[in-house]
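# Structural overview
Chain by chain, the residues:
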Amino acid sequence: MLFLIALALILLVQWLHLRLLCLELPDRFHRPLPWLLFFFHLPLILFAGLRTLGLGGHSALPLLQFLSRIGFYFQAFTVMHLIIAMLGEWGWRIFRKPAAEVDSLEEAPVDPSRRAFLRTSAVASTGAAMAFGVVGAQEAFSDPEITRLELTFPDLPPGLDGLRLAQLSDLHAGPLVGAKTLRRWRELTERERPELLLFTGDLVDSRPEELEPLLIAFQGFHPPLGRFAVLGNHDYFDDPGPIWRDLEGAGIRCLENAAALIQRGGSTLALLGLQDPMARNGRFARLVYGPGPRPAEATRDLPSDAFRLCMNHRPNEWEEALAAGARLTLSGHTHGGQINPIPGFSSARLIGPRIQGLYRDGPDLLYVSRGLGVVGLPIRIAAPPEIVIITLRRT
Ligand SMILES: [Fe+2]
């Protein structure tokens, strides 16, 4: 189902791109254009074919990563080209002379001024789209920013004062995020010497076998208070059973509607995890893998004096964490919008009001990480990847 949705989207985008190219380029290029686009899509077609034939196992991952990266970079270029051309078109419509009025793309050939505009802007929009792609890829795969925060809770149990934790979110291990990138993220996180390592969902991009390179990259990194995770919506694109099993096997405890009690300096931290709502709609095909967030289940039998910290993939489900008594909630999911071409506007606003950074509700706090990986297109614009290091303070 997911594959069919992606295919339909790619076909739609490429059909629009073909129309745009026909407007921009002289007639003699029109006949070979569909073949050229097909040629540029060969890597993506091969990638999809290998996956459909079930040849997407761990041994095939390097080849799949190579093929899909080429394909997805071309998709990124296409989308940026369409956006820039659309902005140019709007500009032309606003500033053109009234006599040049046209109503639709179909009328383009009979409007010489519009056609001339499109042709002269073709080089500029192509160059700008490529530049966005290069800059966006650089931002996505450069070293992440390290956000170091001291969060103060006057009623923090004394033994938890100074506790230092690392939050890694949305790694999206898979075709676009490979072993080398994962190893670098581990190295940078380990340097911060956290006592606790928390993964707040979207560990893989779409398939359980994509977890293996992540587990290998983080092998041997054992903060003294442990490693814990919750799954995100992408981890439920396929059967999450192998992910649950492999995380536990690697010593990363998966907390879904569950809690772990962590002792430090005579005080207790109750680390909670809520299940992502996607568990109710696995594979987009009404396969139910769990009940979704259940705060009451997660907090059953917790000691009353324990400080509650909750991992909850989606920030828009903060109310569920608050219902579990969470004083601090850690989320991801938004990628900080990931691609924000309009200055001052985050694309994450399209999915909810909590975009990135710190939010407060009375004495309770929520931190929304921009995450580390990418989804869909292998670029980030005005949303650099992020490793979050939080120190808890009593005063
Ligand atoms: Fe994500």
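Figured I'd write up the structure that's included with this text. (Residues numbered from 1 in each chain as written. Predicted model: local features only at pLDDT ≥ 70, side-chain atom pairs only at ≥ 80, totals over all residues.)

## Describing helix α5 (residues 179-191)
- Helix length check: α5, at 13 residues, gives a terminal C-alpha distance of 18 Å against a target of 18 Å (1.5 Å per residue), a fit within 8%.
- Those residues of α5 that sit buried are T181, L182, W185 and T189. The arc enclosing the buried residues of α5, seen along the axis, measures out at 100°, which places them on a common side. For α5, exposure combined with an orientation more than 90 degrees from the buried face picks out K180, E187 and R191.
- Positioned one or two residues after α5, R193 has a phi angle of 50°, which is positive. (Helix = DSSP H or I, 4+ residues; strand = E, 2+ residues; numbered from the N terminus. Expected span 1.5 Å × (residues − 1). Buried ≥ 20, exposed ≤ 12 C-beta atoms within 10 Å, placed from the backbone. Arc of directions from axis to C-beta.)

## Here we look at the pairing of strand β7 (residues 267-273)
- Of all seven residues in β7, five are buried, a share of seventy percent or more.
- Bridge analysis of strand β6 (residues 258-264) against β7 gives seven bridges, and the strand direction is antiparallel. Bridge pairing in β7 places L261 opposite A270.
- Here β6 folds back onto β7, and the loop between the two strands holds two residues, one of which, G265, carries a positive phi near 55°.
- Sheet topology places β7 next to strand β8 (residues 307-311); five bridges connect them, and they run parallel. By the bridge assignment for β8, L272 is matched with C310. (Pairing = 2+ DSSP bridges.)

## Focus: the sheet that holds strand β4 (residues 227-230)
- Pairing is mixed in the open sheet, where six strands are placed in the order β1-β12-β2-β3-β4-β5. The outermost strands of the open sheet, each flanked by one partner alone, are β1 (145-152) and β5 (252-254). Across the sheet, the mean angle from the axis of one strand to that of its neighbour is 25°, orientation sign disregarded.
- Across four bridges, the pairing between strand β2 (residues 164-168) and strand β3 (residues 196-200) is parallel. Paired with L165 across the strands is L196, a residue of β3. (Axes fitted to C-alpha atoms, helices over the stretch in contact; angles between N-to-C directions.)

## What about the environment of L225?
- Structurally, L225 can be placed in the loop between α6 (211-217) and β4.
- Considered as a pair, L225 and P194 are 31 residues apart in the sequence and their alpha carbons are 8.9 Å apart.
- Leave out the neighbours within four places in its chain, and L225 touches E195, L196, I262 and R264. (Contact = placed C-beta atoms within 7 Å.)

## A look at the pairing of strand β9 (residues 328-331)
- Direction of pairing for β8 relative to β9: parallel, over a ladder of three bridges. Paired with M311 across the strands is L330, a residue of β9.
- Remark: the β8/helix α9 (residues 318-323)/β9 crossover connection has right-handed handedness.
- The sheet contact formed by β9 and strand β11 (residues 364-368) spans four bridges and is parallel. (Right-handed = clockwise from strand over helix to strand, strands pointing away.)

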